[in-house]
Amino acid sequence: MKMTFRWFGEGNDLIPLEHVKQIPGVEGIVWALHDIPAGEEWPLDRIMEVKELANQHGFHIDVVESVNVHEDIKLGLPTRDRYIANYKRTIEKLAQAGVKVICYNFMPVFDWTRTDLFKELEDGSTALFFENAKIKDLEPMELVKEIAGNSTLTMPGWEPDRLQSLSRLFEQYKGVTEEDLWANLQFFLEEIIPVAEENNIKMAIHPDDPPFSVFGLPRIIINKENIQRFLKLVDRPANGLTLCSGSLGANPTNNVAEMIREFADRIHFAHIRNVNTYENGDFIETSHRSSDGTVDILGIMKAYHEIGFTGYARPDHGRHIWGEKCRPGYGLYDRGLGIMYLWGIWDLLERTKKEEALCYQSMKI
Ligand code: DNO
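Note that this is a predicted model, so its numbers are computed, not measured.

A. Main features of the overall build of the protein. Within the protein one finds 14 helices and 12 strands. Radius of gyration (C-alpha) of the protein: 20 Å, near the 21 Å computed for a compact globule of 365 residues. By principal-axis analysis of the C-alpha atoms, the protein measures approximately 70 × 50 × 40 Å. The buried share of the protein, taken over its 365 residues, is 57%. Considering only contacts within the protein whose residues lie at least 6 apart along the sequence, 74% involve residues at least 24 apart. As displayed, the protein has an accessible area near 15700 Å², and 50% of this comes from carbon and sulfur atoms.

Below you can see the structure in the form of C-alpha cells.
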C-alpha cells in the first residue's frame, strides 16, 4: 500500500508540505490544477511546477485527483469531442510528468454532496454531514449558498464555473436517464482508455458520493452491480477504480470489503474513511476508527491486505479537531491520526502474516 495525502496546491491549501512530511509513511501528494476549468487542457509548465515543488519536499506526484470531466461529455452533446480531445492531451502531459493514476468522477452537476460542512459532534469536533430531510426541502441553489458560502477556499466539486451555470445545467439534465449516462460514460471510456494505456496511466473512477440520486439527477457508480457493469464497459486494466469506502459506505447495504476482494486488480486508488449512517438516511463523517462509524474499516484493511494491495491509498476526509482552521474535510490533524490508525492495522496484519509463515515453515521441519 503506497500512502498518499491530498494537497490542494501552493496558496490553495492551508497545510504546509513540511507538516505533511512529518506524517509517517506518506510518499506522495494527491494533487490537481484546481483553477483549470473542467474541459480545458492542462499546461505542461504548470504540471511541472507542481512536480518540482513536490519533489523538493520528497514527495511524488503519481496520483492526480481529479481531472474533471466536462458536463457536455456527461450529457453526450456534440461539443464533447473538443473536450475529449483536451482530456486526451492532458493525459499525455501528465504521463510526461510521470503521473501513474488519474482519478475522476462521472457525477452530473454536483460532485460530493452534503448539507452541513461543520456539523458538531458530541466531543465538540465538527464534520461533514448529510441530512436527508433537509436536502429534500432545499433548492439546489440554496444548498450551494449554504455550502460554498461556508468555505473561504474553493472546494473540489464546488468550483465557481460549475456553480455559475447551475440552472442551465439542471435544464440540460432534464430527461437524461441513467441509461443515457451509461452510454455517455461508455463513449468517453472508449475514447480515453486507449490513450491512457499508451501512456501507461491507470484511470480510476470515483464512486458517486452519496451513492444515490440527489435533486433527481441520475447517479450510476453506486453499488457492486453497477461497478461490475462499469468495469465491463471497457474491460481493460487501465479502466479501474478509486474505491472510496466513505462514498459507498453511505449506503449501508454496500459491503466495501467484499467489493475489494471482487475488484482487486482493478482498484488503482483507495480512499479510506468512515461514516456513521442513520436509519433516516442521514450520515456523518467520523474518525477513521472502525467502531466510530458504520463502515467496517478493519474488515476493509483486512481485505486490502489479503489481496496484496500495492496501489495508492489516502486517508480520505477527516473531522475538524483541536480547533484547526482548515478546508472542510481536509484538516491535517484528523487525517494524520487516520493514517496512523491505518498503518497500525496494516503493520499488525503484515507482522501476523510473517509470523504465520514462520510458524508454518517450522512445522514443516
Ligand atoms: C471530496 C472528494 C471528491 C473527489 C472527486 C473525485 O472531497 O472526495 O471531490 O475528489 O469526486 O473525482
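B. The site of the ligand, seen in detail. If you check the shell around the ligand, you find 13 residues, and the closest are E65, S66, D111, H317 and Y330. The contact in question runs from an oxygen atom of the ligand to an N or O atom on the side chain of E65, over 2.4 Å. At a separation of 2.8 Å, an oxygen atom of the ligand approaches a polar side-chain atom of N105. No other element matches strand β4 (residues 101-105), which puts 3 residues into the shell around the ligand. Looking at the shell around the ligand residue by residue, the classes come out as 6 nonpolar, 4 polar and 3 charged.

C. Fine view of the sheet that holds strand β10 (residues 275-277). On the basis of which strands lie adjacent, the open sheet formed by 4 strands has the order β5-β6-β11-β10 and antiparallel pairing. A single partner strand is all that each edge strand has here, and the edge strands are β5 (116-120) and β10. Neighbour to neighbour, the strand axes of the sheet diverge by 35 degrees on average, direction disregarded.

D. Examining the sheet that holds strand β1 (residues 2-6) more closely. Judged by pairing direction, the barrel is parallel, and its 8 strands sit side by side in the order β1-β2-β3-β4-β7-β8-β9-β12 before closing back on the first. Strand after strand, the sheet turns through a mean of 30 degrees between neighbouring axes, direction not considered. The sheet contact formed by β1 and strand β12 (residues 312-315) spans 2 bridges and is parallel. Bridged to K2 within β12 is Y312. On top of the sheet, helix α4 (residues 80-96) reaches β2 (28-31), β3 (60-65), β4 and β7 (202-206); it is set at about 150 degrees to β4, its chief contact.

E. Spotlight on the packing of aromatic side chains. According to the stated counting rule, one finds 14 aromatic pairs in the structure shown. Aromatic side chains F170 and F215 sit 6.3 Å apart centroid to centroid with 80 degrees between the ring planes, which places their arrangement in the edge-to-face category. With F170 in helix α8 (residues 166-173) and F215 in the loop between β7 and α10 (224-233), the pair connects residues that are 45 residues apart, well separated along the chain. Its relative accessible area of 19% is what places F170 among the buried residues. Members of the aromatic cluster, connected to one another through ring pairs, are F110, W112, W158, F170 and F215. Sitting over the face of the ring of F187, R80 holds its NZ or CZ atom 3.5 Å from the ring centroid. Just above the ring of F8 sits the side chain of R327; from NZ or CZ to the centre is 4.0 Å.

F. Local environment of the pattern of salt bridges. Applying the stated rule across the entire model yields 25 salt bridges. Between D316 and R314 there is a salt bridge, with the nearest N and O atoms lying 2.8 Å from each other. The residues D316 and R314 share a single accessibility class, namely buried. The network of salt bridges with shared partners includes R6, E65, R114, D209, R273, E285, R314 and D316.

G. Geometry of the pairing of β3. Most of β3 is tucked away, with 6 of its 6 residues classed as buried. Relative to β3, β2 runs parallel, the two being bridged by 3 bridges. Directly across from V30, in β3, lies its bridge partner V63. This β-α-β element, β2 to helix α2 (residues 44-56) to β3, shows right-handed connectivity. With 3 bridges connecting them, β3 and β4 associate as parallel partners. Counted as the bridge partner of V63 is V101 from β4.

Procedures and definitions
- Per chain, the residues get numbers from 1 upward, laid out in the order the sequence is written.
- In view of the model being predicted, local features appear only for residues whose pLDDT reaches at least 70, and side-chain atom pairs are presented and counted only at 80 or more, with totals across whole chains, interfaces and linings using the full set of residues.
- Computation of side-chain values covers all heavy atoms of the structure but excludes hydrogens and water.
- Strands here mean DSSP runs of E at least two residues long; helices mean DSSP runs of H or I at least four residues long; both are numbered from the N terminus.
- Each radius of gyration reported is based on C-alpha atoms, and the globular scaling rule is 2.2 Å times the count of residues to the power 0.38.
- When accessible area is computed with a 1.4 Å probe and restricted to protein chains, residues below 20% of their type maximum are described as buried, those above 50% as exposed, and intermediate ones as partly exposed.
- Working rule for contacts: check all heavy atoms of both residues, and any pair within 4.5 Å makes them a contact.
- Surface accessibility follows the Shrake-Rupley procedure with a 1.4 Å probe radius. Residue values consider only the protein chains on display as shielding.
- One heavy atom within 4 Å of a molecule or strand is enough for the residue carrying it to be called near that molecule or strand.
- Polar contacts here mean pairs of N or O atoms no more than 3.5 Å apart (in protein, one a potential hydrogen donor and the other a potential acceptor; neighbouring residues in sequence count only if both atoms are side-chain atoms).
- Gly is placed with the polar residues, together with every amino acid not listed as nonpolar (Ala, Val, Leu, Ile, Met, Phe, Trp, Tyr, Cys and Pro) or charged (Asp, Glu, Lys and Arg).
- Paired strands are those between which DSSP finds at least two bridges.
- Only the stretch in contact is used when fitting a helix axis, every axis being a line fitted to C-alpha atoms; angles between N-to-C directions are given from 0 to 180 degrees.
- Ring pairs shown here join Phe, Tyr and Trp side chains whose ring centres sit within 6.5 Å, with only the six-membered ring taken for Trp; geometry is labelled stacked below 30 degrees between planes, edge-to-face above 60, and tilted in between.
- Placement of a charge over a ring requires the Lys NZ or Arg CZ to be within 6 Å of the ring centre, with the centre-to-atom vector within 35 degrees of the ring normal.
- Here, a salt bridge means any Lys or Arg side-chain nitrogen found within 4 Å of an Asp or Glu carboxyl oxygen.
- A clockwise course of the path from the first strand over the helix to the second, judged with the strands pointing away from the viewer, identifies a crossover as right-handed.

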